[in-house]
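# Examining the three-dimensional arrangement
If you want the building blocks of each chain, they are given just below.
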Amino acid sequence: EPYRRQRQMCIRDSNRVTEIGWNVGVIVIMGICAVMDCLWKKVWMPLVWGMGVYILIWTLMSGEFSGERIMTQFLPGVLVAVILYTASVLTQGQIGRADGIVMGMLVMAAGMEQGICFMAYSLFYAFAVAVFLVAFLRKKRKTRIPFLPFLLLGYLTMLWQQMTLS
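Residues numbered from 1 in each chain as written. Predicted model: local features only at pLDDT ≥ 70, side-chain atom pairs only at ≥ 80, totals over all residues. Heavy atoms only, no water.

### Description of helix α4 (residues 97-110)
For the record, the criterion: By the criteria applied, helices consist of DSSP H or I runs no shorter than four residues and strands consist of E runs no shorter than two, each listed in order from the N terminus. Here the expected span of a helix is defined as 1.5 Å times the quantity of residues minus one. With a 1.4 Å probe rolled over the protein chains alone, any residue whose accessible area is under 20% of its type maximum counts as buried; one over 50% counts as exposed, and the rest are partly exposed.
Here α4 is 14 residues long and its end C-alpha atoms lie 20 Å apart, about the 20 Å a rise of 1.5 Å per residue gives. Within α4, 13 of the 14 residues are buried, leaving the element largely enclosed by the surrounding structure. Directly beyond the C-terminal end of α4, a positive phi value near 100 degrees is found at Gly111.

### Section: the nonpolar core
Generally speaking, nonpolar side chains in soluble globular proteins are found buried as a group. What counts here: To form a nonpolar core, buried Ala, Val, Leu, Ile, Met, Phe, Trp, Tyr and Cys residues must be joined to one another through side-chain atoms within 4.5 Å. Residue contacts follow a heavy-atom distance rule, with two residues in contact if any of their heavy atoms lie within 4.5 Å.
Residues Met30, Met51, Val102, Leu106, Phe118, Leu151 and Tyr155 are the most contacted members of the largest nonpolar core, which totals 34 residues. Looking at this core element by element, the count peaks at 9 residues for α4. Ignoring anything within four residues of it in the chain, the contact list for Val102 reads Met30, Val48, Met51, Leu148 and Leu151.

### Here we look at the side chain of Asp37
Here is the rule we go by: Neither His nor the chain ends contribute to the count of charged residues, in which Lys and Arg are positive and Asp and Glu negative. Salt bridge, as used here, is a side-chain nitrogen of Lys or Arg placed within 4 Å of a carboxyl oxygen of Asp or Glu.
Examined against the element boundaries, Asp37 turns out to sit in helix α1 (residues 2-40). In this structure, Asp37 is buried with no salt-bridge partner, the nearest side chain bearing the opposite charge being Lys41 at 6.9 Å. When sequence neighbours within four positions are dropped, the list of residues in contact with Asp37 reads Lys42, Val43, Asp99, Pro146, Phe147, Leu148 and Pro149.

### Points about the side chain of Gln73
Quick reminder of the rule: What qualifies as a polar contact is a pair of N or O atoms within 3.5 Å, subject to a donor-acceptor requirement within protein and to the restriction that residues adjacent in sequence count only when both atoms come from side chains.
Relative to the helices and strands, Gln73 is located in helix α3 (residues 67-90). Here Gln73 falls in the buried class, since its relative accessible area comes to 13%. From its side chain, Gln73 meets the backbone oxygen of Ala109 in a polar contact 3.3 Å long. Not counting residues up to four positions away in its chain, the partners in contact with Gln73 are Val107, Met108, Ala109, Ala110 and Gly111.

### Observations concerning α3
Under the convention used in this document: In this scheme, the bend at a residue equals the angle between the axes fitted to the seven residues that finish there and the seven that begin there.
In this model, α3 (24 residues) spans 33 Å end to end at C-alpha, consistent with the 34 Å of a helix rising 1.5 Å per residue. Bending of α3 peaks at approximately 30 degrees at the position of Phe74, with proline Pro76 no more than four residues after it. The complete set of buried residues in α3 reads Arg69, Gln73, Phe74, Pro76, Gly77, Val80, Ala81 and Ser88. Buried positions along α3 lie against α2 (45-62), α4 and α5 (112-136). Within two residues after α3, Gln92 carries a phi angle of roughly 55 degrees, on the positive side.

Such coordinate-based values are descriptive only and should not be taken to indicate function.
Here is the structure:
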């Protein structure tokens, strides 16, 4: 009995370390993308694709690749990316192409439930900044603002919420 309990604690600690390592990698890559989006309003696409490869490799290494995960994380993530990339093409770039792809990858990483959560946070933060820019700094309604920093902030908020609730 004590050995079993100790083994369960080791597995739980191992999962926690894996989860922390996973999130640190996603946050670092997202942070680089967010800085690029702020500075140049463009994101280096090989970095974005590198994030996708990172997500896939980490998932395979963690042994969590299953049919359920494909249905609840990977397919919704691909769907989000395809819809937002198509919207980017149709709006002639008013929605950044990288924004849609990164959002889809984050849904793949976090899952659909947490994906909806961080997307809602991201949109809320972007809306608050847009209102501030229009109301107080007298910016035009068509002023472009980088969205990846808000995705990063939304992702961090979702992680913080998960940590405080567990």
